[in-house]
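Here's the letter readout for the chains.
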Amino acid sequence: MEEVDVEPTVTNIPGIGHGKHMGFAWGPGDILVYETHFKPSGLTPSGPGGSFIHKVRKDEDINSPILRKLFNESHHIFVGLQTIKDDLPSKSKRPQFVSISRNYRSVIRACMEELQQVAAVSTRDTEMGTQYGNQVSILLAIELIWNLCEVLFIDAAPAGSLLLHLLDWVRLHKADVDEKAKDVLQSDSPAEHHNYWDVVVSYVLQGRLEEARQMLVKQATLQPASRNMYKLMDGLLSKMPFYNPGGTQTLTEFDVKWRNWHEEVDRYLKDNTFASNRHLELICKILVGDEDTLLEQKELLGTWYHFLVTRLLYSHPTVKPTDLHYYAQSCLTMFLDSRSVQEPLDSILLAAFEFDIYLVIKDCSIVLNNWWFVAHLTDLLDHCKLLQSHNLNFGSNMREFLLLEYASGLFTHHSLWQCAVDYFDHCPELGRACLELQIERVPLDTERKALKVLRICEERQMSEQVRSICKIMAMRALRNNRLGSALSWSIRAKDAAFATLISERFLQDYCAKGTFSDLDLIDNLGPAMLLSDRLTFLAGKYREFHKLYGEKRFKEAAKLLLSLMTAKIAPRSFWMTLLTDALPLLEQKEVIFSADQTYELMYCLEELTSSIDTAAAGGERPMQEEDVEQTKVELLRLSLARNLAMAIVKEGTVET
């Protein structure tokens, strides 16, 4: 896109004086600003720096509860739009695109109406009332622009139908006449109400001739002398032809019929038929399309684009889309006097009438305070194959660039980030790379949220992010001494080193307490226990020993226990625990360990004792701990000696 050709808006930071230097740090959705002590060389410090850090948000709307509904609802519409198949013919897809466009507009209008209700309630809070009023104004402008783009670009109405759509567009966005009409009709004497003629003329300006006729009937009953004049006006209004796109009449036939009617109105005007009644004469001049008369009704028209549609209705009802820009420019020039300043909205609507889609998108990007509008409108126009030729020079087309910007903004919100994922998914070039970067910034406040993020990453095979999330959650669980949760997360991350570390903690915990925590998890690891040798020892072999012991299968338990040490499956640091576990088996009345097995246990004990003595000589362990270990060693030697004697006696007795 082109460089911004307008000056950016200035944001004043409270408490920072003129000429002070500021430091800043960029974030994905905001910027942190703070005053620094920096001073140019040669200048003396003017005083201490500020003590505040200011947070400047670029998109405040994302925090509005009502506008969040807009973001959520439009997300569903966006996802539905992406399911429309590209291989369908354009003509068959157009009704679908128009329907989707109307769905977007209905969401905008629903949010706007809710904002208006909230603004009406919060009249005491001036600041909030102003904020809601600004949001309503922005949504009104957004719907106005979107509706016009729908008529001109998406529906692409041809000559004849085009004016009918533009009339609907003006009527929808100029609804104050209905409020006035309601007041008039509810009064005791509608025809004498001070707004009566304003309502009648407004109806005529909007092409609502049937309603204008019904209002005129009330006036005719009050003026019997002028009844014929009112009857003539009623005839002109009733005979005005309107093009019917679904009918059998061709556009040429309609044009001939309209010209005949127009000539009849002009003839009545030249004959001064309504000269005695200024109101009816005014209506007659409007029907004939007199520009000066129309411009005199600026107050009722309100805007130049209403003036444009009324002028087309009574002067050029078969206007072609390609000629719209000429009439739009001339109406804007005529309607705004020399002192009036052209608003940004005027420029955007004018660009739309000129069929300059890119200028509409560019100006909206500059003027509007978030990316919602341009992202969704551009996506819809892209599906309509209206933006195919416009690519950007930094690796992405316009649609993708705007969707990425919008989705990145959503990721800064604590709940809307989930909607943003789908927007990234439908950006084929850079969407995945951006999602990988953004997903790592989602704060994992709870395990439930972590599981949501993890599921998103797993569904998209983002293995690096899956490992990162699991490691973070495993480390957090480990810090909180939740070993079962930590082990579960490390297995999910397929992190062998971390699983080994947690297995060590389980074993240390067992050594300290004499029982295992999270037995259900350990007993149901299945193939996951093969992730690391230490985990295999913990969840496989050692737990199997406990089960055999619990089932009183002592000989099998003894054989397994011995093999854990002799085959070096158990870590050396855990041998003392295993030997201690052997004590109940050594003290059984029945001989469990054979003489050979007892010798092997003695060898393991002596090997372990030598390493304990070496550690004691180096002064690495406290004295109290050494005494406990020495007591254990003496008990084990005594038990092993007894068991060896019993085993030798038993085995010798059997042999004889």
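If you look the protein chain up in an unreviewed UniProt entry, it shows as Nuclear pore complex protein Nup85 from Poecilia formosa. According to the UniProt record, the Function (unreviewed entry) comment for the protein chain is "Functions as a component of the nuclear pore complex (NPC)." Recorded in UniProt under Subunit (unreviewed entry), the annotation for the protein chain is "Component of the nuclear pore complex (NPC)."

Turning next to the overall build of the protein chain. Along the protein chain, the regular secondary structure elements total 30 helices and three strands. Across the 656 residues that make up the protein chain, the buried fraction comes to 46%. For the protein chain, long-range pairs separated by at least 24 residues make up 64% of all intrachain contacts whose partners lie at least 6 apart in sequence. Of the roughly 34500 Å² of accessible surface on the protein chain, 52% is carried by carbon and sulfur atoms.

A few words now on the packing of aromatic side chains. With the rule as written, the count across this model stands at 21 aromatic pairs. Ring centres of Y406 and Y423 lie 5.1 Å apart, and the angle between their planes is 80°; this geometry places the pair in the edge-to-face category. Taken together, the residues Y406 in helix α18 (residues 398-410) and Y423 in helix α19 (residues 417-425) connect sequence positions 17 residues apart. The exposure class of Y406 is buried, given its relative accessible area of 5%.

Together, L32, Y34 and I53 give the surface a local cluster of nonpolar side chains, amounting to about 280 Å² of exposed area. Relative to the elements of secondary structure, Y34 occurs in strand β2 (residues 30-35). For Y34, a relative accessible area of 33% corresponds to the partly exposed category.

Before going further, it helps to examine the nonpolar core. Counting residues in hydrophobic clusters, the biggest one holds 153 residues, and the most contacted among them are L166, W169, L216, W304, F353, W372 and F373. The dominant element in this core, judged by the number of residues it contributes, is helix α3 (residues 126-154), at 13 residues. Not counting residues within four places of it along the chain, the set of residues in contact with W304 comprises A328, C331, L332, F335, D346, L349, L350 and F353.

This structure, assessed with the given rule, holds zero disulfides. Cysteine C364 remains unbridged, with the sulfur of C149 as its closest cysteine sulfur at 7.1 Å. When its relative accessible area of 1% is taken as the criterion, C364 is described as buried.

Quick look at helix α22 (residues 463-479) now. For α22, which comprises 17 residues, the first-to-last C-alpha distance of 24 Å matches the rise-based estimate of 24 Å (1.5 Å per residue) to within 8%. For α22, the set of buried residues is Q465, V466, I469, C470, M473, A474, A477 and L478. Two residues or fewer after α22 comes N481, characterised by a positive phi angle close to 60°.

Quick look at the packing of helix α8 (residues 227-239) against helix α10 (residues 278-287) now. Between α8 and α10, whose axes approach to 11 Å, the crossing angle comes to 20°. Taken together, α8 and α10 sit at an angle that is classed as roughly parallel. Relative to α10, α8 is oriented so that their crossing is left-handed. Contact with α8, carried on its side by M229, Y230, M233 and L237, involves L280, I283, C284 and L287 of α10 and no other residues of that element. Among the residues forming the contact of α8 with α10, the class breakdown is eight nonpolar, no polar and no charged.

Rules used throughout
- Residues numbered from 1 in each chain as written.
- Predicted model: local features only at pLDDT ≥ 70, side-chain atom pairs only at ≥ 80, totals over all residues.
- Heavy atoms only, no water.
- UniProt positions renumbered as here; feature names shortened; annotations may be inferred.
- Helix = DSSP H or I, 4+ residues; strand = E, 2+ residues; numbered from the N terminus.
- Buried < 20%, exposed > 50% of the residue type's maximum accessible area, 1.4 Å probe, protein only.
- Contact = heavy atoms within 4.5 Å.
- Areas by Shrake-Rupley, 256 points an atom, 1.4 Å probe, with all protein chains shown as cover.
- Phe/Tyr/Trp six-rings, centres within 6.5 Å; stacked < 30°, edge-to-face > 60°.
- Patch = residues over 30% accessible without salt bridge, like charges linked within 9 Å, V, L, I, M, F, W, Y side chains within 5 Å.
- Salt bridge = Lys/Arg side-chain N within 4 Å of Asp/Glu carboxyl O.
- Core = buried A, V, L, I, M, F, W, Y, C linked by side-chain atoms within 4.5 Å.
- Disulfide = S-S within 2.5 Å.
- Expected span 1.5 Å × (residues − 1).
- Axes fitted to C-alpha atoms, helices over the stretch in contact; angles between N-to-C directions.
- Parallel < 35°, antiparallel > 145°, perpendicular 65-115°, else oblique.
- Left-handed = near helix turned anticlockwise from the far one by under 90°.
- Nonpolar A, V, L, I, M, F, W, Y, C, P; charged D, E, K, R; others polar.

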